[in-house]
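# A structural walkthrough
If you want the building blocks of each chain, they are given just below.
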Amino acid sequence: MRFKLFIFVLILTTCLFFGCGNSEETSSNTTQTQVTVTFNDISSRILQPKCVACHSSSQSSGGVDLSSYTSVMRVVIANSPNSSSLYRVTSSGSMPPGGPQLSASELQTIYQWISNGANR
Ligand code: HEC
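Quick caveat, the model's predicted, so the values are computed rather than measured.

### Overview of the overall build of the chain
Of regular secondary structure, the chain possesses 6 helices and 0 strands. Secondary structure elements of the chain occur, N-terminal to C-terminal, as α-α-α-α-α-α. Classification of the 120 residues of the chain by burial places 15% in the buried group. Taking the contacts inside the chain whose residues are at least 6 apart along the sequence as the reference set, 52% of them involve residues at least 24 apart.

Structure follows, in structure tokens:
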């Protein structure tokens, strides 16, 4: 009898300390999707190294300047990545012209930034 009680208490305390079920897994997934992408990330990781050579204020190919937040917002519709030419031309592979195409994670970063409101 004593032994059964001991097992019961042991299971209970294990649950208290480590959590029962897969609640731990769920919370780590939530943290991952909550990472906020900022304009700074987009600019320093993608636009500056891969686009600004052809899209700056002095060299604005196709009238597109990707060197500042204000000018980038002319090719972005906040919350609508699929209607934003910034996302459309990169996901279709037409920019940068002659490749190499942006990686899946770079495209994902742009998509997420626009979906979350394209904040500065
Ligand atoms: C080698 C030069 C070059 C690079 C690098 C380049 N572009 Fe372009 N881009 C152009 C030219 C030229 C045009 C205008 C002609 C055209 O639409 O093909 C253009 C047009 C565009 C347009 C307007 C397209 C439209 O249909 O309205 C967007 C948006 C754009 N580029 C985004 C980007 C992005 C984002 C990058 C970086 C991932 C990039 N470009 C890299 C040369 C470049």
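So, next bit.
### Details of the environment of L47
Mapped onto the elements of the fold, L47 is located in helix α3 (residues 39-50). Residue classification places L47 among the partly exposed residues on the basis of 19 C-beta atoms within 10 Å. Between the C-alpha atom of L47 and that of S68, which follows or precedes it by 21 residues, the distance is 9.7 Å. Non-local contacts of L47, meaning those with residues more than four positions away in its chain, are made with I42, V52 and L66.

### What about the site of the ligand?
In the region of the ligand, 18 residues are neighbours, and C51, C54, S61, G62 and M95 sit closest. In terms of residue count, the dominant contributor to the shell around the ligand is helix α5 (residues 85-91) (4 residues). Looking at the shell around the ligand, its residues break down into 12 nonpolar, 5 polar and 1 charged.

### Brief notes about the confidence of the model for the chain
Averaged over every residue, the pLDDT of the chain is 84; residues scoring 70 or more account for 72%. This stretch, residues 23-32, has a pLDDT under 50; its non-local contacts, to residues over four places away or in other chains, come to 1 contact.

### Details of the nonpolar core
In terms of nonpolar packing, the biggest core is built from 12 residues, these being I42, I46, C51, L66, V72, V76, L86, Y87, I110, W113, I114 and A118. Mapped onto this core, the elements with two or more residues apiece are α3, α5 and α6 (104-115). Here the element with the most residues in this core is α6; it accounts for 3 residues.

### Observations regarding unusual backbone geometry
Cis geometry is found at the peptide bond from M95 to P96, where omega equals -10 degrees. Among the structural elements, P96 can be located in the loop between α5 and α6. Following G99, the chain continues to P100 via a peptide bond in cis, the omega torsion being -5 degrees. Mapped onto the fold, P100 is located in the loop between α5 and α6. In this structure, N79 is a non-glycine residue whose phi angle is positive, near 75 degrees. In this fold, N79 is placed in the loop between α4 (69-72) and α5.

### Quick look at the environment of Q101
Positionally, Q101 belongs in the loop between α5 and α6. Assessed through the 14 C-beta atoms surrounding it within 10 Å, Q101 is described here as partly exposed. For the pair Q101 and T90, spaced 11 residues apart in the sequence, the C-alpha separation amounts to 7.2 Å.

Thresholds applied
Residues numbered from 1 in each chain as written. Predicted model: local features only at pLDDT ≥ 70, side-chain atom pairs only at ≥ 80, totals over all residues. Helix = DSSP H or I, 4+ residues; strand = E, 2+ residues; numbered from the N terminus. Buried ≥ 20, exposed ≤ 12 C-beta atoms within 10 Å, placed from the backbone. Contact = placed C-beta atoms within 7 Å. Near = placed C-beta within 6 Å. Nonpolar A, V, L, I, M, F, W, Y, C, P; charged D, E, K, R; others polar. pLDDT = per-residue confidence, 0-100. Core = buried A, V, L, I, M, F, W, Y, C linked by C-beta atoms within 7 Å.

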